[in-house]
Number of protein chains: 2
Amino acid sequence: MSLIVQKYGGTSVGTVDRIKNVAKKVAAAKKAGNEIVVVVSAMSGETDKLIALANAVSTNPKDREMDMLLSTGERVTIALLAMALNDMKVDAVSFTGRQSGIITDTAHTRARIKNIDAGRIQEALKKGKVVVVAGFQGITEGSDVTTLGRGGSDLTAVAVAAALKADFCDIYTDVDGVYTTDPNIVPNARKLDKISYDEMLEMASLGAKVLQARSVEFAKKFNVPVRVLSSFHDVPGTLVTKEDKSMEKVVVAGVAYDKNQAKITLSGVPDKPGVAAKLFSKIADSKIIVDMIIQNVSKDGATDISFTVPKTDLKKALPLIKKAAKSIGCNDVVVHEGISKVSIIGVGMRSHSGVASRMFTALSNEGINIMMISTSEIKVSCVIEQKYTELAVRALHDAFGLEKTA
Amino acid sequence: MSLIVQKYGGTSVGTVDRIKNVAKKVAAAKKAGNEIVVVVSAMSGETDKLIALANAVSTNPKDREMDMLLSTGERVTIALLAMALNDMKVDAVSFTGRQSGIITDTAHTRARIKNIDAGRIQEALKKGKVVVVAGFQGITEGSDVTTLGRGGSDLTAVAVAAALKADFCDIYTDVDGVYTTDPNIVPNARKLDKISYDEMLEMASLGAKVLQARSVEFAKKFNVPVRVLSSFHDVPGTLVTKEDKSMEKVVVAGVAYDKNQAKITLSGVPDKPGVAAKLFSKIADSKIIVDMIIQNVSKDGATDISFTVPKTDLKKALPLIKKAAKSIGCNDVVVHEGISKVSIIGVGMRSHSGVASRMFTALSNEGINIMMISTSEIKVSCVIEQKYTELAVRALHDAFGLEKTA
């Protein structure tokens, strides 16, 4: 008998029939003798519908009210799933974020979980009930409703699993595991049996959309074993877990790409100490996330600085960036949106040399120019022209032989 | 400067444009110097949509989960209205039933308000905010979400007004006040300037759908002045208030009718002491509300008992009634659905005689047979064949000269 937290996303509960299907899976896991907590998202499309309503009544809805509005989506799903389970003679009860004891900070629309008081969940489990928890939401100490940001239901599931010391946190999605890369681009992409937290974290933050990055961080911090599974097919998925010896043997575990990137270049920046610090601290103050940064060799006392930001933040970020640039005496700001970032990830890189150069060679063989490079202990990322994205991903998948198990 | 609780029903907030329109009315009342609390229902149609979802996933949804589901409707509206108000530079904050301090008993789907801890509302009012409260919902002491039953938003408004000792509780509806009868039936029906709580209570429980009966009881108990007003037209409405001398001069204040009635007749009931008591206590145990009861003169040691129940409860009630009938030795249960109840109401009846006979004469003049009669201090009701409803209402409105002010 295990204590399992299962999480189903919006697509998995998108219709009445799919909710019934989820209820069947939950019922089967319960009848197999497990204790089950289920975390669900809003039915797919519901959150967008609510956002459209908000934008129709207000040009600039307050974040607190946005959270009040959006948190209703998950509440509908928990009630419906609990009903469907009760209908199958499985005793189930639905809990909101508040009733689940999920306490967050006050950063509305992107709140962080401060702690979980899981007493009520534990009490219900003790009574033999399946507990259905609303994902994506919590409550502040001042009793206001908060949401955790898009993909926050993954975080709810992992955090609840951590609080309950669950044996597994099973994330059900519309894919059946974590692949070496996007199977839509590389048909012989291979499903991984397991992957380390750090690799998954890089995959997530580099654009692979299977798991939300914050939830992987959380899982790593509290050592929660996460399984990525399919809602629709009963096949083995991918276990996200602590790094072990076998993982180190694999040089590259996966190839990720991210088209949601824009490159910004500031030319003629005065090459004086403290200029970059001033620029990026101003940008950071505006809560814009800057990813890769490169600074060119100085010429005539001036230099060029390039960096990337998420394309979705560009509209909000650009005026602020221009203001920050002006404050350091630079008026030449150029935006390049037609880029993407391709990355190779693997904990084995730590103990293998020449990985970056193999990547550059593979790209060069296809005639792909590299515009920016950034590396970490377990990944190498290159910014390239966006039109080459698929070509680059295929070339890298081939070059590192990812279609074969190690 | 007054403290006013305004309540807007589902039709009044049924679309984005109507929500904006409500925001305008609220903003005007606020700018006129009043303190405003707004209670809103779910957007019209939303509750029915949620009920349909529940019935699609479950043949018999649990009441607790039904409340979890249905309470989301009002939460959507409060968030949207608060956003619309903020957009008009009116500082507004939305509160759920829980945040408004509405504590109920645990009778899910038809909970009763136990008390209101209005501290958070008062604090927000003190800060100059408009407070937008979710109608129809509360929370148990055990922290579960409850709903107050259909029309419960009226009750929320009156209860909040009572807790805050508000100067007025303004109920905005799709009619512009309380009429002497349904203007769809009697074109010269007259809008009443004021009406007593007791008369309004009878009107509400006898089928006039302007105000929910429980909310009128509550208003009477706490002496809350209630104004019934139009959401769409800026005209004077009807004040529901304590009885005063001027009201007593009017013999009949209004004519009500109710087509949602079914008559059940038990024939051959053994005429022994305690039989009726046994029958109706069994029916009461099943929480079926019995309205009028008549028992015929006994013949050969047996008698007939007829009573009415709401037609909407009939499906649930009938098996229970048949069981109760059997237990007192009666197997002959006949249902008659084609009936309706017409009633005249007025506190002036107490001091005027011959009112009932004038009613019977008016009906008889139109050839309408009276099947059952029931009277109280301030009303007389007759059950008649349903097809005569409109004719009867017009005849009674004429007979008591209700088109003229007293």
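Everything numeric in this text was worked out from a predicted model, so none of it was measured.

A. Up close: the overall build of chain A. Helices and strands together make up the secondary structure of chain A, namely twelve helices and 20 strands. Computed over the C-alpha atoms, the radius of gyration of chain A is 23 Å, within 12% of the 22 Å expected from 2.2 N^0.38 for a compact globule of 406 residues. For chain A, the spread of C-alpha atoms along the three principal axes comes to 75 × 50 × 30 Å. Counting over 406 residues, chain A shows a buried share of 50%. Within chain A, counting contacts between residues at least 6 apart in sequence, those at least 24 apart form 75% of the total.

B. Up close: the interface of chain B and chain A. Opposite the 29 residues of chain B that make contact, chain A presents 29 residues. Going through the elements one at a time, α1 (16-31), α2 (46-57) and α3 (63-87) of chain B are the ones with two or more residues in the side of chain B that touches chain A. The greatest single-element share of the side of chain B that touches chain A, amounting to 14 residues, is contributed by α3(B). Of the residues assigned to the side of chain B that touches chain A, the class counts are 17 nonpolar, seven polar and five charged.

C. The sheet that holds strand β20 (residues 379-385) of chain A, seen in detail. Residues and elements named next belong to chain A. Strand order in the open sheet made by the four strands is β13-β18-β20-β19, with antiparallel pairing throughout. The two strands at the open ends of the sheet, each matched to only one other strand, are β13 (254-258) and β19 (372-376). Strand-to-strand, the axes of this sheet are offset by a mean angle of 20°, without reference to chain direction. Two strands pair when backbone bridges link them, and strand β18 (residues 339-345) and β20 are joined in this way by seven bridges, in the antiparallel orientation. Residue pairing in the sheet places Ser343 in a bridge with Ser381 of β20. On the sheet, helix α11 (residues 355-365) packs against β18, β19 and β20 and is oriented at approximately 20° with respect to β20.

D. Representation of the sheet that holds strand β16 (residues 302-310) of chain B. Residues and elements named next belong to chain B. An order of β15-β16-β14-β17 is seen for the four strands of this open sheet, with the pairing classed as antiparallel. Here the strands that pair on one side only, and so sit at the sheet edges, are β15 (293-295) and β17 (332-336). The average angle at which neighbouring strand axes cross in this sheet is 15°, direction not considered. In the sheet, β15 pairs with β16 via three bridges, with the strands oriented antiparallel. Bridging from a neighbouring strand, Gln295 pairs with Ile305 of β16. Of the strands in this sheet, β14 (261-270), β16 and β17 touch helix α10 (residues 314-327), which is tilted by about 155° from β17.

About the cut-offs
- Residues numbered from 1 in each chain as written.
- Chains lettered and ligands numbered in written order.
- Predicted model: local features only at pLDDT ≥ 70, side-chain atom pairs only at ≥ 80, totals over all residues.
- Helix = DSSP H or I, 4+ residues; strand = E, 2+ residues; numbered from the N terminus.
- Rg over C-alpha atoms; globule rule 2.2 N^0.38 Å.
- Buried ≥ 20, exposed ≤ 12 C-beta atoms within 10 Å, placed from the backbone.
- Contact = placed C-beta atoms within 7 Å.
- Nonpolar A, V, L, I, M, F, W, Y, C, P; charged D, E, K, R; others polar.
- Pairing = 2+ DSSP bridges.
- Axes fitted to C-alpha atoms, helices over the stretch in contact; angles between N-to-C directions.

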